[in-house]
Structure formats: C-alpha cells, structure tokens
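# Close look at the chain arrangement
Listed below are the residues making up each chain.
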Amino acid sequence: MAPISDDRFLGKRIVLGVSGSIAAYKSVALLRALVQGGADVSVVMTKSATRFVSPLTFEVLSGHPVATDLFAAHQDMLHLTLPERADVIVIAPATANVLAKCALGLADDLLSTMVLTSTCPLILAPAMDGGMWDQPAVKANTAALRGRGALVLDPEEGPLASGRTGRGRFPDENVILSAIEAQLCPRRDWGGQRVLVSAGPTHEAIDPVRFISNRSSGKMGYAMAQAARERGAEVILVSGPTALPAPVGVEFIQVLTAEDMGKAMTSRLSWATVVIMAAAVADFRPRRPSPEKLKKTGTAWKGLELEQTDDILALLSSQRASQILVGFAAETQAVASHAKEKLRRKGLDLIVGNNVAAEGSGFGSDTNAVVLVDREGRVTQLDLMPKRVLADRILDAVKALGVPATRSTRPQLSDTK
Ligand SMILES: Cc1cc2nc3c(=O)[nH]c(=O)nc-3n(C[C@H](O)[C@H](O)[C@H](O)COP(=O)(O)O)c2cc1C
C-alpha cells in the first residue's frame with residue numbers, strides 16, 4: 001500500500017465523528033493518519049462511542065479536547081462553530097442509528113445537531129454487524145443521504161465481530177482517506193477525457209429461464225468508472241447484469257448479452273478518448289437458444305451446441321483511431337506472461353492481469369492484486385488493495401502512457417440497438 005504523503009491534508013480542518021460501533025477503535029488509526037497527513041482534526045463522539053473507546057485516546061492524538069455533550073459545550077456553541085470551521089465532516093464509524101438520524105434530520109445530541117447545522121461535505125463510513133446493512137430501513141436511509149449529496153461509503157464484506165460473515169465491515173482505511181482526499185483536494189487530472197468503460201458479466205440465453213454466464217461482479221469496472229468520473233472525466237459505463245448501483249455522475253447503459261455489449265461499445269468508440277474493457281464477456285453462447293423452456297426430462301440439453309461470441313476487445317482494437325485501449329486478463333496461473341501475450345495479440349496499450357484464483361483477488365471480492373503490463377513492456381506488480389484504490393493506480397498508469405487530446409462528438413445513443 002502506498003504510504004501517506006506527509007502533507008496530504010495540510011491546512012485542512014476535519015471534524016471526525018465517532019459513533020457507537022465495535023469498529024470505533026479503528027477510527028483511532030484513521031485519526032492518526034489524518035493528523036500525520038497535516039490535518040487539524042476535532043473529534044466529536046456520541047455517548048455510545050465513549051463506551052467503546054476512551055475520549056482521552058482521541059484527545060491525545062488530535063491535540064484537541066473531544067466534544068461529546070451538546071449542553072456541556074453550549075458556551076462555545078460547538079454544534080455551530082465546529083461545522084462552520086470544518087472543510088469536511090467525516091463520521092467513521094457511522095452506526096445504523098447515526099445514518100438514520102442524519103437521514104431524518106434528527107438533532108438529539110452534539111454529532112447529529114452539528115450535521116444538521118453544517119453546510120460542508122459529509123462523508124460517512126458505516127460499520128454494522130448482524131445484517132443491519134441489508135435492512136430496507138438502512139438502505140432507504142443510505143439512499144436518502146446519497147441523494148442529498150452525502151458520500152456514504154460501502155462497508156466491506158468479510159468476517160464480522162460477531163463471528164458471522166457478511167457486508168458490514170468498517171471500510172478500508174485507505175478507501176476512507178482517498179475519499180476524504182478526493183473531497184478536499186479533488187484531482188481533476190482527467191478533465192477533458194471521455195472514458196468508455198465496460199463492466200460485469202454477460203448472460204447468453206439457453207432458453208427463456210437459463211443462461212451461460214460467469215462470476216464477474218462488475219466491481220472493478222464500476223470502480224474504474226467512478227474513479228475516472230471523480231478525477232474529472234466524462235464517463236459512459238456499459239454494464240452487464242450486476243447487483244451494483246450505477247455510479248453517480250456516470251452515463252449508465254445496461255446490456256444483457258455479449259452482442260448487446262459489443263454494439264454498445266463499438267457505437268460509442270468514436271466518442272471516447274480512453275476505453276477500459278473491464279467486462280467479463282461470455283466467450284461462448286448457445287448457437288440456437290430455445291424459445292421455450294427446455295424440459296429436464298427430455299434430451300434437448302444433450303444437443304446444446306455452443307458458438308463463439310464476438311471478441312469485443314479485438315473489434316475495438318481494429319476499429320479504434322487514437323483511443324487508448326485498456327484490457328483485463330483474468331488468469332489462474334502465469335498471470336504476467338499470459339497478460340503480456342494478450343496485450344500483444346489484441347494490440348492493447350495496457351493490460352491488467354488478475355489472478356482470479358488468489359485469495360482476496362478477482363471476481364466478487366472488494367480487493368484485487370494485479371500486474372499491469374503496458375505497451376512499452378513495463379511490468380508493475382501491485383499488492384492486494386481495495387478495487388477503488390486500484391482503479392486510481394490503473395488510471396495513473398494510463399496517464400503515464402499519455403492520454404490522447406482528441407475530441408469527438410457524443411454518439412447518437414439510439415444507434416446502439
Ligand atoms: C458490542 C456492541 C457493538 C455494536 N456495534 C455496532 C455497530 O458496529 N454498528 C452499529 O450500527 N451499531 C452497533 N451497536 C449498536 C449501537 O451501539 C447502538 O445502536 C447505539 O444506540 C448507537 O448509538 P450512536 O449512534 O449514538 O453512537 C453495537 C452495540 C454493542 C453493544
């Protein structure tokens with residue numbers, strides 16, 4: 001993981017809200033990283049949070065008294081003065097209770113009252129156990145906050161404090177730091193670029209209810225689209241079926257089959273300056289999908305004949321003008337050499353080789369460890385890191401190749417069908 005540069009948050013005033021989650025101890029490390037990065041951090045804790053970690057810890061590390069009580073602080077009017085001076089409010093961890101209070105506009109303690117009086121950006125890093133994140137109430141509160149412009153990070157999937165496994169883990173510290181950095185000092189180094197990203201799997205029908213597909217979750221492609229957008233690019237995301245919400249600010253095109261995806265990508269190629277083909281397109285499809293559901297008692301399945309789908313990456317490579325073309329290679333062994341070979345064969349500028357069999361890497365996971373190979377033959381091995389952080393590293397590698405300055409007009413989106 002890249003070390004945090006010393007002046008990353010220099011001169012920035014951050015209010016760190018800590019609420020009553022078992023993950024409260026992790027915000028001690030977050031506070032240290034913010035202070036090391038040069039930020040002036042004031043910590044506000046909920047009453048419940050003080051049951052998990054002593055305010056003294058935050059007080060010593062931040063160099064400021066920790067505010068916990070709305071009324072004890074009344075002389076300084078902290079519920080008004082703290083947010084007035086803040087460049088950003090970060091609530092990490094954010095409990096389900098805090099999400100609900102912020103979504104509803106409740107103001108029954110210092111932290112929630114402060115959020116309600118604030119006009120600065122708000123970032124929430126939820127952490128919760130026991131399936132709370134998947135509850136409709138929590139989903140609705142999260143959607144309401146996002147709809148109002150708050151940045152609610154997704155908690156991570158994995159082992160939880162209760163011993164269960166699920167989505168609810170406190171987001172990776174580097175993801176939170178990157179989000180704060182993006183909010184405070186947005187890198188707009190992709191401004192003027194038009195980035196066409198594909199993501200997710202495709203579904204190839206066997207009959208009206210069955211299909212051939214693969215394990216792609218779409219997370220890497222969505223992270224690429226989000227990163228490019230946050231860095232100032234215009235982005236079109238062409239996505240196969242996934243369970244992910246469309247990234248904010250991105251033009252979103254939903255497709256189902258490899259054929260649809262091929263059309264959606266090639267028809268937008270002339271618009272793009274950079275094309276990132278992160279989708280896991282099905283290589284084969286049934287030659288003659290049945291219009292009726294196949295009976296399992298019959299013998300129809302025995303005659304299931306497959307044909308190859310179009311190679312979209314090769315098509316894009318043959319049709320492109322000056323666009324930079326980035327591909328992904330999902331491998332289970334000899335990742336770097338297979339990636340190099342695919343880069344050459346498909347005429348790519350950069351390839352991201354991914355060992356999908358490695359722990360914490362590949363389909364469905366929130367993290368990835370990859371090898372980047374570029375057209376100059378440079379090979380960069382990147383350790384396991386969150387996909388959103390990796391997306392920035394990939395964009396940096398594309399930038400190092402020199403993103404083109406071409407401009408073309410937006411395609412007629414009706415051309416795609
Ligand atoms: C041991 C323990 C761990 C908890 N962890 C969480 C958690 O990770 N996330 C959460 O939303 N609530 C968690 N709770 C419940 C909250 O502490 C509780 O809802 C509390 O009212 C939150 O108050 P606050 O939002 O004002 O900090 C936990 C409770 C206990 C007893």
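Residues numbered from 1 in each chain as written. Predicted model: local features only at pLDDT ≥ 70, side-chain atom pairs only at ≥ 80, totals over all residues. Heavy atoms only, no water.

The subject of this paragraph is the nonpolar core. In terms of nonpolar packing, the biggest core is built from 36 residues, with Val195, Met224, Ile276 and Ile394 touching the most fellow members. Per-element tally for this core: the top contributor is helix 13 (residues 387-401), with eight residues. When sequence neighbours within four positions are dropped, the list of residues in contact with Ile394 reads Met220, Met224, Phe328, Leu350, Val352 and Leu372. Counting 32 residues, the second-largest nonpolar core is a separate cluster that includes Leu16, Ala23, Val28 and Leu30. (Core = buried A, V, L, I, M, F, W, Y, C linked by side-chain atoms within 4.5 Å. Buried < 20%, exposed > 50% of the residue type's maximum accessible area, 1.4 Å probe, protein only. Helix = DSSP H or I, 4+ residues; strand = E, 2+ residues; numbered from the N terminus. Contact = heavy atoms within 4.5 Å.)

Our next topic: the packing of aromatic side chains. Enumeration according to the criterion identifies one aromatic pair in this entry. The interplanar angle of 65° and the centroid separation of 6.2 Å between the aromatic rings of Tyr222 and Phe252 together place this pair among those described as edge-to-face. One end of the pair, Tyr222, is in helix 9 (residues 219-230); the other, Phe252, is in strand 12 (residues 251-254), and 30 residues separate them in sequence. A relative accessible area of 6% places Tyr222 in the buried class. (Phe/Tyr/Trp six-rings, centres within 6.5 Å; stacked < 30°, edge-to-face > 60°.)

Our focus in this paragraph is the environment of Val371. For Val371, the position within the fold is in strand 18 (residues 367-374). Overall, Val371 belongs to the buried group, its relative accessible area being 1%. Along the chain, Val371 and Ile351 lie 20 residues apart, while their C-alpha atoms are 8.2 Å from each other. Ignoring anything within four residues of it in the chain, the contact list for Val371 reads Val335, Ala336, Ile351, Val352, Gly353, Val379, Thr380 and Gln381.

A cluster of nonpolar side chains, contributed by Phe284, Leu304 and Leu306, occupies part of the molecular surface with about 260 Å² of accessible area. Along the chain, the position of Leu304 falls in the loop between strand 14 (284-286) and strand 15 (306-308). Residue classification places Leu304 among the partly exposed positions, given a relative accessible area of 39%. (Patch = residues over 30% accessible without salt bridge, like charges linked within 9 Å, V, L, I, M, F, W, Y side chains within 5 Å. Areas by Shrake-Rupley, 256 points an atom, 1.4 Å probe, with all protein chains shown as cover. Salt bridge = Lys/Arg side-chain N within 4 Å of Asp/Glu carboxyl O.)

Moving on, we get to the side chain of Ser217. If you trace the backbone, Ser217 turns up in the loop between strand 10 (211-212) and helix 9. In this structure the side chain of Ser217 is engaged in a polar contact, spanning 3.2 Å, whose partner is the backbone nitrogen of Lys219. Sequence-distant contacts of Ser217, that is, excluding residues within four places in its chain, are made with Thr242, Leu244 and Gly364. (Polar contact = N/O pair within 3.5 Å; in protein donor to acceptor, adjacent residues only side chain to side chain.)

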